[in-house]
Amino acid sequence: MQIYLPVAELSANWLLLLGLGGGVGLLSGLFGVGGGFLMTPLLIFIGVPPAIAVGSEAAQIVGASVSGALAHWRRNNVDFRMGFVLLAGGLFGSTIGVQVFALLRKAGQVELIIALAYVVILGAIGSLMLVESVRAMRRQRLTGSTRRGKLHQHTWLHGLPLKMRFPKSKLYISALLPFAVGAFVGLLAALMGVGGGFIMVPAMIYLLGMPTSVVVGTSLFQIVFVTANVTFLQAWQNQTVDMVLAVLLLVGGVVGAQFGARLGQKLRGEQLRGLMALLVLGVAIKLAVDLVVTPQDAFSLGGGRAH
Amino acid sequence: MSRAARAAALLLALLLACARDAAAQPLVADLSSHEISITTGFSGTELLLFGATEGEGDIVVVVRGPAGPATVRRKSRVLGIWINTDSVRFEGVPSFYRVASSRPLDQVGTPGMRQRHQIGVGAVSARPPEGTSPERLAEFRDGLVRAKLREGLWNDVPGQVSFMGPKLFRTTISFPPNVPTGIYNVEVFLVKDGREIGAQTAPMRVKKTGIGARIYDFAHRHAAAHGLVAVLIALAAGWAASAAFRRS
């Protein structure tokens, strides 16, 4: 049952890894998210070094997103023009992120920054989602139908220069906006080992004002290339990509996602979002507690092994 | 040949050798194998060390993995959260350490002798940077030992060297799944009245073999190419896995 992970240099139970991949895949199929934000912390909990967890998880997300991206492309659900602007930002952000990662690793602070990033981002996203889904559920109970607010509000964001037309999304906005969104998500992808769909999708809907029909396809398109960039750079500069680990998680994940997607069709949207919010908050709280609770031993060996 | 059979054969050969050279050498010992191969299914292993002594005494076995630098970090509380705030880099620290003895370590030899031969975790070499204060050194050295014990790479409870009759002894040395690769040094001491009256060293090697070794080499020697291949494998595996699932 044990398999030696050659780059991580540790031996793990391959059934456990397949199961983890399957479990997270099930949830990601159910909620329509990539699952990187669950997988990376889980890998760290079972003893995979954080740097290896982040690098290998990026490779897993490439594989997990490619079939979805292709499917949306076939159904013509990708705004390529928007996708390329997001991607340009994403490549910029993730390349910087990998350099920052290497510096943090040398300084012995990479675990801390990964954990803090998770606590802050997941805490914020989880709380927003929870509030939103509770409101939606309450509203539905009152009026019997879900209603959405005004989609297209004009703010200072629309006064930015470099305006660009995105016919597919029916938008005329500054290219700086999607570039910045892409760069921010790319940075997080490199630091946290996530695809960033859970930030990208809300940002596309609420910040950019894109129609929901092209949001998921465009986000997947961008995620494939950004996580491919992260995988390449992490492997090249930090040697922290373990392909044996990534492929095991990937196989479990693809199978799990198929079941999750079927299960998801039987549940209502607000309930799903509520459950998802609780899950996201749960991970954030667990990581926050680990940061605050007095460690069993204040001393640790760190900074990566000397190769 | 199974490991046990091989060990038995070696033991027999050794006995014959002992009978011949008994007068010449106070101590003869050998390992059941001088090489550990980390294969894809590797989940740790054990080696048998056995030997014979001429005359009475205690046997101490010390196994050390390749030495290198080790950075020990200390966390302290900053604004409510625990952050690495201090570190000491030790040089010449064995990546792996095992000790085994026929009697409790404090009853074998003298403190000076144990320090000299790195017998017991307290005596394992770890050179601090110059100018480290004694209190700070003690704290960080203890931290290093605890971290190594947690990883299962050092042991503080000595293994048992058992005698079969007055002259033959044996012990097993266990290697965890995360055993570091490189050249190991196995030392066997015969100690009597606080002095070592015989010593023998045997080198040993831990290496990766098979596909795992090749992947590791590729990932470290051709990191950029490995990155490209990793992306391609991820793309292909993701596409293939979902295609296979859709068809079935």
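Residues numbered from 1 in each chain as written. Chains lettered and ligands numbered in written order. Predicted model: local features only at pLDDT ≥ 70, side-chain atom pairs only at ≥ 80, totals over all residues.

Colleague: Explain the overall build of chain A to me, using residue names and the numbers behind them.
Modeller: The secondary structure content of chain A amounts to ten helices and five strands. Here the C-alpha atoms of chain A give a radius of gyration of 19 Å, agreeing with the 19 Å that 2.2 N^0.38 yields for 307 residues. Oriented by its inertia axes, the alpha-carbon framework of chain A measures out at about 55 × 45 × 40 Å. Burial statistics for chain A: of 307 residues in total, 54% are counted as buried. Across chain A, contacts joining residues at least 24 apart in sequence account for 80% of those joining residues at least 6 apart. (Helix = DSSP H or I, 4+ residues; strand = E, 2+ residues; numbered from the N terminus. Rg over C-alpha atoms; globule rule 2.2 N^0.38 Å. Buried ≥ 20, exposed ≤ 12 C-beta atoms within 10 Å, placed from the backbone. Contact = placed C-beta atoms within 7 Å.)

Colleague: Describe the interface of chain B and chain A, and please don't skip the residues or the numbers.
Modeller: Opposite the 47 residues of chain B that make contact, chain A presents 45 residues. Of all the elements in the fold, those that place two or more residues in the side of chain B that touches chain A are β5 (67-78), β6 (81-94), α3 (134-150), α4 (210-221) and α5 (223-247) of chain B. Looking at the side of chain B that touches chain A element by element, the count peaks at 16 residues for α5 of chain B. Both strand β5 (residues 299-302) of chain A and β5 of chain B contribute to a ladder of four bridges, which runs antiparallel. Residue pairing across strands places Phe299 of chain A opposite Arg74 of chain B, the latter belonging to β5 of chain B. (Pairing = 2+ DSSP bridges.)

Colleague: Account for the packing of helix α2 (residues 36-45) of chain A against helix α3 (residues 50-74) of chain A, naming residues and giving values.
Modeller: All names here are of chain A. α3 packs onto α2 with a crossing angle of 145° between their chain directions and a minimal axis gap of 9 Å. Between α2 and α3 lies a crossing whose hand is right-handed. Here Gly36, Met39, Thr40, Leu43 and Ile44 of α2 lie close against α3, whose contacting residues are Pro50, Ala53, Val54, Glu57, Gln60 and Ile61. Looking at side-chain class alone, the contact of α2 with α3 contains seven nonpolar, three polar and one charged residues. (Axes fitted to C-alpha atoms, helices over the stretch in contact; angles between N-to-C directions. Left-handed = near helix turned anticlockwise from the far one by under 90°. Nonpolar A, V, L, I, M, F, W, Y, C, P; charged D, E, K, R; others polar.)

Colleague: So what's going on with the sheet that holds strand β1 (residues 27-31) of chain B? Residues and values would help.
Modeller: Residue and element names in this part refer to chain B. Spatial ordering of the open sheet is given by β1-β3-β10-β9, a layout of four strands whose pairing is antiparallel. The open sheet has two edge strands with one neighbour each: β1 and β9 (162-164). Between one strand and the next, the sheet's axes are offset by a mean angle of 25°, whatever the strand orientation.

Colleague: Pulling in residues and values, what's your account of the domain arrangement of chain B?
Modeller: All names here are of chain B. As assigned here, chain B comprises domain 1 (3-208) and domain 2 (209-248). Taking only C-alpha atoms into account, the centre of domain 1 sits 38 Å from that of domain 2. Across the contact, six residues belong to domain 1 and six residues belong to domain 2. (Domains from an automatic or database assignment.)

Colleague: Pulling in residues and values, what's your account of the pairing of strand β11 (residues 182-192) of chain B?
Modeller: Residue and element names in this part refer to chain B. In terms of strand pairing, strand β4 (residues 58-64) meets β11 through seven bridges, oriented antiparallel. Residue Arg64 lies in a different strand from β11, and its bridge partner there is Asn185. Strand direction decides the pairing type here: β11 and strand β12 (residues 195-208), joined by eleven bridges, are antiparallel. Of the residues in β12, the one forming a bridge with Gly182 is Val206. Connecting β11 to the next strand, β12, in antiparallel fashion are two residues, including Asp193 with a positive phi near 55°.

Colleague: Go over the nonpolar core with me, naming the residues and quoting the values.
Modeller: Membership of the largest hydrophobic core comes to 160 residues, with the highest contact counts inside it found for Tyr118 and Leu250 of chain A together with Val61 of chain B. By residue number, the principal contributor to this core is helix α8 (residues 212-238) of chain A, which donates 13 residues. Each residue touching Val61 of chain B, except ones within four places of it in the same chain, is listed here: Leu49, Val99, Ala100, Val161, Thr171 and Val188 of chain B. (Core = buried A, V, L, I, M, F, W, Y, C linked by C-beta atoms within 7 Å.)

Colleague: Residues and numbers for the pairing of strand β10 (residues 168-175) of chain B, please.
Modeller: All names here are of chain B. Of the two faces of β10, only one is covered, namely that formed by Phe169, Thr171, Ile173 and Phe175; the face formed by Leu168, Arg170, Thr172 and Ser174 stays uncovered. Sheet topology note: the strand β3 (residues 45-53)/β10 ladder contains eight bridges and is antiparallel. Bridge pairing in β10 places Gly51 opposite Phe169. One ladder, built from three bridges, connects β9 with β10; its direction is antiparallel. Its bridge partner being in β10, Ser162 is matched across the sheet by Arg170. From the end of β9 to the start of β10, which pair antiparallel, there are three residues, and Gly165 there has a positive phi angle of about 80°.

Colleague: Provide a residue-level description of the sheet that holds strand β7 (residues 97-101) of chain B, including the pertinent values.
Modeller: Residues and elements named next belong to chain B. Spatial strand order, β2-β12-β11-β4-β7-β8: six strands in an open sheet with mixed pairing. Only two strands of the sheet have a single partner each, and these edge strands are β2 (35-38) and β8 (159-160). As paired strands, β4 and β7 are joined by five bridges and run antiparallel to one another. Bridged to Val61 within β7 is Ala100.

Colleague: I'd like to hear about the packing of α3 of chain A against helix α9 (residues 243-264) of chain A, residue by residue, with values.
Modeller: Residue and element names in this part refer to chain A. One can describe the packing of α3 onto α9 by two numbers: an axis separation of 8 Å at closest approach and a directional angle of 40°. One way to sum up the angle between α3 and α9 is to call them oblique. The handedness of the crossing between α3 and α9 comes out as right-handed. Here Ser56, Ala59, Gln60, Gly63 and Ala64 of α3 lie close against α9, whose contacting residues are Met243, Leu245, Ala246, Leu249, Leu250, Gly253 and Val254. Per-class residue counts for the contact of α3 with α9 are eight nonpolar, four polar and no charged. (Parallel < 35°, antiparallel > 145°, perpendicular 65-115°, else oblique.)

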